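Analysis of the macromolecular model
One-letter residues, chain by chain:
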Amino acid sequence: MQGIFKRALWSGTPIEMIYLSKKKIITQRILTIKKFDQERVLGICHHSNQI
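Residues numbered from 1 in each chain as written. Predicted model: local features only at pLDDT ≥ 70, side-chain atom pairs only at ≥ 80, totals over all residues. Heavy atoms only, no water.

1. Quick notes on the overall build of the protein chain
Just so we agree on the cut-off: In this text, helices come from DSSP runs of H or I with a minimum length of four residues, and strands from runs of E with a minimum of two, each type numbered from the N-terminal end. Our radius of gyration looks at C-alpha atoms and nothing else; its globule reference is 2.2 Å times the residue count to the power 0.38. Burial classes follow relative accessibility: with a 1.4 Å probe on protein chains only, a residue under 20% of its type's maximum area counts as buried, one over 50% as exposed, and anything between as partly exposed. In this description, contact between two residues means that some pair of their heavy atoms is separated by no more than 4.5 Å. Areas reported as accessible are Shrake-Rupley estimates using a 1.4 Å probe. Residue values count occlusion only from the protein chains shown.
For the protein chain, the helix and strand inventory stands at one helix and three strands. Seen in sequence order, the protein chain has helices and strands lined up from the N terminus as α-β-β-β. Against the compact-globule benchmark of 10 Å for 51 residues, the protein chain has a radius of gyration of 11 Å, which places it among compact chains. Taking the principal axes of its C-alpha atoms as reference, the protein chain extends roughly 30 × 25 × 15 Å. For the protein chain, buried positions account for 20% of its 51 residues. Considering only residue pairs separated by 6 or more positions, the protein chain has 20% of its internal contacts joining residues 24 or more positions apart. If you sum the accessible surface of the protein chain, you get close to 4,500 Å²; carbon and sulfur atoms cover 54% of it.

Structure representation (structure tokens):
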């Protein structure tokens, strides 16, 4: 999975991501990755235009 994040970060290509929100809701978003580590991904959501 880190390879996908790394390529998206370097190229600036948005990725589609499906995740479980804090409220336990499955969410699908398109993100531009800004940074990531082993536990978290920081990106700009194209839907809400927020981090």
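We are not done yet, so read on.
2. Let's talk about the sheet that holds strand S3 (residues 41-45)
How we decide: Pairing between two strands requires that DSSP report at least two bridges joining them. Helix axes are fitted to C-alpha atoms over the stretch in contact, other axes to C-alpha atoms as well, and angles between N-to-C directions run from 0 to 180 degrees.
Sheet architecture is open: three strands sit in the order S1-S2-S3, paired in antiparallel fashion. Each edge of the open sheet carries a strand with a single partner, namely strand S1 (15-20) and S3. Pairs of neighbouring strands in the sheet enclose a mean axial angle of 65°, with direction left out of account. Relative to strand S2 (residues 26-36), S1 runs antiparallel, the two being bridged by six bridges. Looking at the pairing, Ile15 lines up with Leu31 of S2. Together, S1, S2 and S3 form the strand contacts of helix H1 (residues 2-11), whose direction differs from that of S2 by roughly 65°.

3. Concerning the environment of Arg29
With respect to the helices and strands, the residue Arg29 is situated in strand S2. In the structure, Arg29 is positioned ten residues away from Tyr19 in sequence and 8.4 Å away in space, judged by C-alpha atoms. Dropping the residues within four chain positions of it, Arg29 is found in contact with Ile15, Glu16, Met17, Tyr19, Cys45, His47 and Ser48.

Purely geometric numbers; function is a separate question.
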